[in-house]
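Spelled out, the chains give:
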Amino acid sequence: MAARAYLCMVKVSARTVLTYRANFVLGLFAVFFQLLAMLYVWRLLLESGKDFGGYTWPQMKAYLLVAFVTSSLVSAYGDFRMAARIRDGLVSLDLVKPVTYQTARFAETVGRAALELAVTFAVAGSIALVTGGIPVPDLPQLLLFAVSIAAVVPLKFLVVYLSTLLCFWTQNYMGVAWARTSLVALLSGSLIPLVLLPSWLQTTAMLLPFASLTATPAAIYLGQATGGEALGLLLTQAGWVTVLWVAGRLVWRFAVRQLTVHGG
Amino acid sequence: MTTTRPIATARMYRRCLGAHLRAALEYEADFWILVVASIMMQATGVIFLGAVFARIPTLAGWTLAEVVLIYSLVVIAEGVGSLCFEGTWYLPWMVNQGDLDYTLVRPYPVVLQTMSGAVGLNGVGNLLTGGLLMAWSLSRVDVDWSPLRIALAVALFLSAVLIKLSVTLASTSACFWVFGASFMLPTALHQVGELAKYPVSVYSAGIRVALTVVIPFAFVSFYPAAAVLGHGQDSWVGLLTPLVAGYCVVVAGAVFRRGLRRYESSGN
Amino acid sequence: MPAATMAVMPVIEARELTKVFRRPDKSEGLRGSLRHLVTRRYTTTSAVDHVSLSIEPGEAVAYVGPNGAGKSTTVKLLSGILVPTSGEVVVGGIVPHRDRIANARQVGVLFGQRTQLWWDLPVRESLALLRDMYGIGPADYRAQLARFDEVLELGELLPVTARKLSLGQRMRADLAAALLHRPGIVYLDEPTIGLDIAVKDRVRDFLRRLVADGTTLILTTHDLGDIEDVCRRIAIIDGGRIIYDGGLDGVKDTFARERCMHVRLTTDVDPQSVAALLPDAEVTPGGSPGEFTIRFDRFVLTAGQVIATASSLAEIDDLLIDEPAIEDVVRKVYSGELELEPAEDGVGAGVGA
């Protein structure tokens, strides 16, 4: 019964994705120009012959494109709507609905994710073709990569969701979103491969869920992690999804208690 | 007070901005969140540069200190834009809602009323980061600081900021012509401006030309920095920055005025 | 009345003022937008259609018409907010949309549906910003605040942030903002909307005094009390055209075509027989036998015909004709029921009471 409700939300969200298209394209645009700058900078850097974590130019291209895909996913600004509803107290209306808030938001995210995946992969593929191609892993590795990308959707949703819940305590979601974007860019590896960061930052990134967002799919795609190691990374992703899912529920319960105590 | 006099006009601008700043500062938590967030955003870029330059001495012939100067110019231009001219970003919204009505019946230029209509506290973080980066860079670069060169740097850097502001104004003014997409164009252009955080010599010829002639973002950072540093044979191009700024200001003003004639208020 | 005395120069002069709005002719959604890019089809509507107005200094003019008739658009054209598609407008010797800053100094504008106060600022800050924009001296500013406090009880609103004001409070503060610089020409679009009776009365009193002091006022309103209290001239716009412009009293002569006659006959007469003789009128029986109320269109029947018919049945004992109320006319104007043909009789434009 409840499952059918969520499935319905997935469908509705997928259909209304077009209403968010302006925001989605905008988000894509932002990441696209960063990608463009990075592509040129890295080509130049790798042509210099210096060693950058052992990456060749085609590998770095592949890395940047994977990072482009993972950074563009779950960015259709459902979080801004959620933040506004929390700030304006409208969220109390969502409380009386017979669905779990977190699952409902996740269902919407999944609905949008299909189109996001299609568009970002199309863009990334075109760039790969225009810039002279990227290495493609063999089929088993490609499957592992697909799983790791699929895991990015719930994981990124949870990171966004948890940070949006901060709106129960602060008015300014813009700042929260910016801070999260920066943190994720740095510690996920989408800014620069983690191996090129100072070792203390690398260690920090590895201990946090962020590395599972970009570094993991990229490592699997490039064949830097294969077999058991790749499975270990996927398990880590699953582990973080579980931990953050529970954390989300706990924070939500805490936040709602605060809402009802202070009268929203 | 006659508002046609430039000093009085500037003073009035400061008054408007000051009032909004006071209002914005009432939410202390918001202030800190925005400042910290904007510092974090800029810091990621710096960390990237640091990581790269830990392995190579120069990028396209530019040292770390020199690239940081380019980078800081973009950050500072964005900071000035957010802190002092944030209202520009709200123009599409105001036009859509018909909120320009009252500004048209007040004895103060509409464009200045619009630009001073909001304060972006994230600008504080940008200015802090950008200022620190620029100070660090200038203390490291190999430049002979004669009074003339200092004057040149001030003139070029101020012109650079004007260019960034003008592009923003011109792009938000598109809302007078196109309704739906008007919110996207300015933000998209702003993203293009991110390309100017690195020496434009890293890009292909097409992009370089686009950033020089079509939307002169290269004059926000790369060319003025090159001129002040005396970097390369083409560094004289940076001396054109004030001219480009003048051109941009005139074009942006004209676009805004032409747009204003098309303003249709709302509720019709 | 104005039209007769040519010696005084009008302060607001609009000739053949026209505003055409062009709306893209596109269907919803992305596909519609794309198709529009190719076809470029537009629909045009004339919100204001060859409107001519001539208003003399110190006049108070009520500007009324149904929703969407072009009231606000006219006000926006007169105040320089909109650029006219064709026609001319001169206000105080200035073309408003061409010299906006000079125009701004001489006019005050209020749109009741929308505030000019800065949303995030306390009222005091907004007024201080306006003071500085208009270059109002400190003594004059204090005097104005005192005046507004007396009439609008502004004092209690000064420390409140605009977004926290109730509708009525906001309107009071907005009136102060619009009139702070003592403009000689004032455009008020629905200035009493949402106000309670007591404040409404004070505002009207304030507006009357403003007009008495020589301020020229154009007042757009749904409130008949505003019109009758403040204005002696009324202009009615419908479908973008002015259909009446003249004295307030002239309106009822022109438009109130329905007459209502109460008749008491000395003997009991069947209402049906009265109705049979007056097929164009509506006859309703009154409270007691022999009493009738007869409603008729004065362009179809004259009062004399009705009386003659009634007296042919029995002697008339008593007779009362209801005074046509401006209220009825204006209400009809707003509900869009007004019928136009009388304007051709020459009773209309420019003729005062």
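Remember, it's a predicted structure, so these values are computed and weren't measured experimentally.

Engineer: Would you mind going over the pattern of salt bridges with me for this structure?
Structural biologist: Pairing between side chains of opposite charge can happen when the charged atoms of each approach one another. Residues and elements named next belong to chain C. Inspection of every chain in the model, using the stated rule, returns 29 salt bridges over all chains. Among the salt bridges present, the one from R182 reaches D140, with a minimum N-O distance of 2.8 Å. Of this pair, R182 sits in the loop between α6 (167-179) and β6 (185-189) while D140 sits in helix α5 (residues 138-152), and the two are 42 residues apart along the sequence. On the basis of relative accessible area, R182 is assigned to the partly exposed category, the value being 43%.

Engineer: Hey, could you run me through the nonpolar core in this one?
Structural biologist: The nonpolar side chains of a soluble globular protein tend to be buried with one another. Ranked by size, the top nonpolar core spans 134 residues in total, and within it W42(A), I192(A), F48(B), L195(B), Y203(B) and L211(B) carry the most contacts. In terms of residues, this core owes the most to one element, helix α2 (residues 21-47) of chain A, which gives 13 residues. With residues near it in sequence (within four places) discarded, F48(B) still touches M38(A), V41(A), W42(A), L191(A), I192(A) and Y198(B). Within the second largest apolar cluster, 118 residues are counted, among which are A69(C), A128(C), V151(C) and L217(C).

Engineer: So what exactly am I meant to see when it comes to the interface of chain A and chain B here?
Structural biologist: Think of interface size as the accessible area that goes away when the parts come together; that is how it is often given. Taken together, the contact between chain A and chain B spans 35 residues of the former and 28 residues of the latter. Both faces combined, the contact of chain A with chain B buries some 3,000 Å², and carbon together with sulfur accounts for 82% of it. The interface formed by chain A and chain B contains zero salt bridges. For the pair chain A and chain B, the interface holds three residue pairs in polar contact (both at pLDDT 80 or more). Within the residue set of the side of chain A that touches chain B, elements represented by two or more residues are α2 and α8 (173-188) of chain A. Ranked by the residues each element gives to the side of chain A that touches chain B, the list is headed by α2(A), at 15 residues. Within the side of chain A that touches chain B, the residues separate by chemical class into 26 nonpolar, seven polar and two charged.

Engineer: What should I look at first to understand the packing of helix α7 (residues 147-172) of chain B against helix α8 (residues 184-192) of chain B in this one?
Structural biologist: In helix packing, the relevant descriptors are the interaxial angle and the interaxial distance, both defined with respect to the helix axes. Residues and elements named next belong to chain B. Orientation of α7 relative to α8, taken along the N-to-C sense of each, is 150 degrees, at an axis distance of 8 Å. As far as their axial angle goes, α8 and α7 are roughly antiparallel. Read as a crossing pair, α7 and α8 show a hand that is right-handed. Facing α7, whose interface residues are K164, V167, S171 and T172, α8 presents L185, P186, L189 and H190. Classifying every residue of the contact of α7 with α8 by side-chain character gives four nonpolar, three polar and one charged.

The rules behind each value
- Residues numbered from 1 in each chain as written.
- Chains lettered and ligands numbered in written order.
- Predicted model: local features only at pLDDT ≥ 70, side-chain atom pairs only at ≥ 80, totals over all residues.
- Heavy atoms only, no water.
- Salt bridge = Lys/Arg side-chain N within 4 Å of Asp/Glu carboxyl O.
- Helix = DSSP H or I, 4+ residues; strand = E, 2+ residues; numbered from the N terminus.
- Buried < 20%, exposed > 50% of the residue type's maximum accessible area, 1.4 Å probe, protein only.
- Core = buried A, V, L, I, M, F, W, Y, C linked by side-chain atoms within 4.5 Å.
- Contact = heavy atoms within 4.5 Å.
- Buried area = accessible area lost by both parts, 1.4 Å probe.
- Polar contact = N/O pair within 3.5 Å; in protein donor to acceptor, adjacent residues only side chain to side chain.
- Nonpolar A, V, L, I, M, F, W, Y, C, P; charged D, E, K, R; others polar.
- Axes fitted to C-alpha atoms, helices over the stretch in contact; angles between N-to-C directions.
- Parallel < 35°, antiparallel > 145°, perpendicular 65-115°, else oblique.
- Left-handed = near helix turned anticlockwise from the far one by under 90°.

Any functional reading would require information that these geometric values do not contain.
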